[in-house]
Each structure stands twice: as structure tokens, then as C-alpha cells.
Amino acid sequence: MLSRLATQLQNRWMDLNAYPDMRPDYKIRQQVNRSHADRPLYSSVEWHQRFWYPLGVQRLLSEFVYELLGECSGLESGRLLPSDRLMPDLQLPLVCWFDWEMVFTEQFGTRFELESDWILDIGDFETLEELMLALDHRLKRSTKTLD
């Protein structure tokens with residue numbers, strides 16, 4: 001029993017030591033939000049109407065991305081533009097928790113009732129527009145197969 005307790009304590013200690021590597025960089029998050037502070041802050045409906053409706057993106061998807069990207073990144077989604085680059089401009093790998101892509105993928109599948117072995121890899125996309133169009137395509141393709 002003492003050995004098991006020692007192992008549990010050691011695991012907790014290792015978790016605490018790894019925590020700084022897994023958490024978001026709050027300073028960079030603050031910098032990114034500051035760099036967008038002069039942009040208008042759109043509600044999810046306005047954000048959809050202005051940027052995503054003209055591209056044919058489904059409203060439910062843009063609302064999902066608006067909500068979840070804000071939660072995962074701490075960025076103000078209503079200030080983000082389709083042309084924002086995911087890594088150089090938004091710094092997503094640095095402003096999000098280490099497992100945000102898995103969380104995003106799980107939530108995407110749950111919200112839209114999709115089963116897939118696909119996992120989001122933002123390295124596959126340059127801009128927010130590319131990501132949104134790819135998600136929209138994935139969603140439309142899966143809904144067609146359900147019909």
C-alpha cells in the first residue's frame with residue numbers, strides 16, 4: 001500500500017512539473033487579443049453574416065467555431081477575420097491548452113453527431129477561412145452520406 005501511495009505521489013509531482021508546458025501562454029494570449037482590440041467585436045450572428053454566410057458556411061458551424069474557439073483559445077472570436085493565420089497571427093498552439101485540437105475534434109463530432117477517426121490538425125490549414133471551409137466541407141459531406 002505504501003508503494004502504491006508513493007507511486008501516486010510521484011505521478012502527481014510529475015503532473016505538476018509538466019503543467020507549465022501544457023497550459024496556454026497567457027502573455028501571448030493577451031498580446032494577440034490586444035493586437036485585435038481595434039477591430040469590431042461581432043456577435044456570433046454578425047460574425048456569420050459578415051464572413052461566413054457569403055462563403056456558404058452553415059450558420060450552426062460558424063456558431064460552433066465562434067463558441068469553441070473562444071473557449072479553447074481565450075481569444076475574442078468576434079474580432080477574428082477569415083484571413084487571420086492560425087499560427088503566425090493567432091498563435092493557436094501557444095494560446096490554447098496542449099490538447100485543444102482533440103477537444104475541438106470531440107466537440108465537433110458530438111455537436112454534429114459525427115463518427116470519424118479524423119482529428120483536427122491545424123498544421124493542415126493556413127488561415128481561419130481554410131479551417132472553416134474544411135470543417136464545413138466535412139460536415140456537408142457527412143450529412144449527405146446520412147441522407
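If you're wondering where the values come from, they're calculated on a predicted model, not measured in any experiment.

### Some thoughts on the overall build of the protein chain
Argument step 1. For the protein chain, the count of helices and strands is 7 helices and 0 strands.
Argument step 2. What you see in the protein chain, going N to C, is helices and strands ordered as α-α-α-α-α-α-α.
Argument step 3. The long-range fraction of contacts in the protein chain, counting pairs at least 24 apart against all pairs at least 6 apart in sequence, stands at 68%.

### Some remarks on the side chain of Thr127
Argument step 1. Summarising the element assignment, Thr127 is placed in the loop between helix 6 (100-111) and helix 7 (128-146).
Argument step 2. Relative accessible area serves as the criterion here: at 14%, Thr127 is assigned to the buried category.
Argument step 3. Among the polar contacts made by the side chain of Thr127, one reaches the main-chain amide nitrogen of Glu130 at a distance of 3.1 Å.
Argument step 4. Once you skip the residues sitting within four places of it in the chain, Thr127 turns out to touch Pro82, Ser83, Asp84, Arg85 and Leu86.

### Let's talk about the confidence of the model for the protein chain
Argument step 1. The share of residues in the protein chain with pLDDT of 70 or more is 82%, and the mean pLDDT across the chain is 87.
Argument step 2. Of the regions scoring below 50 in pLDDT, residues 15-19 engages in 2 contacts with residues more than four places distant in sequence or in other chains.

### Overview of the pattern of salt bridges
Argument step 1. A complete count under the given rule lists 6 salt bridges for this structure.
Argument step 2. The closest approach of N and O atoms between Asp84 and Arg39, which form a salt bridge, is 2.8 Å. On the criterion of sequence distance, the pair formed by Asp84 in the loop between helix 4 (59-73) and helix 5 (92-95) and Arg39 in the loop between helix 2 (26-35) and helix 3 (44-52) is long-range, its members being 45 residues apart.
Argument step 3. You can call Asp84 buried: its relative accessible area is 3%.

### Details of helix 6
Residues spaced three or four apart along an α-helix point in a common direction, a consequence of the helix completing one turn every 3.6 residues.
Argument step 1. In this model helix 6 runs 16 Å from its N-terminal to its C-terminal C-alpha over 12 residues, within 8% of the 16 Å that 1.5 Å per residue would give.
Argument step 2. Looking at the residues trailing helix 6, positive phi occurs at Glu113, about 55°.

### Some points on the packing of helix 4 against helix 6
Argument step 1. Where helix 4 contacts helix 6, the two axes come as close as 11 Å, and the packing angle between them is 150°. Judged on the interaxial angle alone, helix 6 and helix 4 are roughly antiparallel. Here the hand of the crossing between helix 4 and helix 6 comes out right-handed. Of the residues in helix 6, those in contact with Leu61, Phe64, Val65, Glu67, Leu68, Leu69 and Cys72 of helix 4 are Trp100, Phe104, Gln107, Phe108 and Arg111.
Argument step 2. Classifying every residue of the contact of helix 4 with helix 6 by side-chain character gives 9 nonpolar, 1 polar and 2 charged.

Criteria and thresholds
Residues numbered from 1 in each chain as written. Predicted model: local features only at pLDDT ≥ 70, side-chain atom pairs only at ≥ 80, totals over all residues. Heavy atoms only, no water. Helix = DSSP H or I, 4+ residues; strand = E, 2+ residues; numbered from the N terminus. Contact = heavy atoms within 4.5 Å. Buried < 20%, exposed > 50% of the residue type's maximum accessible area, 1.4 Å probe, protein only. Polar contact = N/O pair within 3.5 Å; in protein donor to acceptor, adjacent residues only side chain to side chain. pLDDT = per-residue confidence, 0-100. Salt bridge = Lys/Arg side-chain N within 4 Å of Asp/Glu carboxyl O. Expected span 1.5 Å × (residues − 1). Axes fitted to C-alpha atoms, helices over the stretch in contact; angles between N-to-C directions. Parallel < 35°, antiparallel > 145°, perpendicular 65-115°, else oblique. Left-handed = near helix turned anticlockwise from the far one by under 90°. Nonpolar A, V, L, I, M, F, W, Y, C, P; charged D, E, K, R; others polar.

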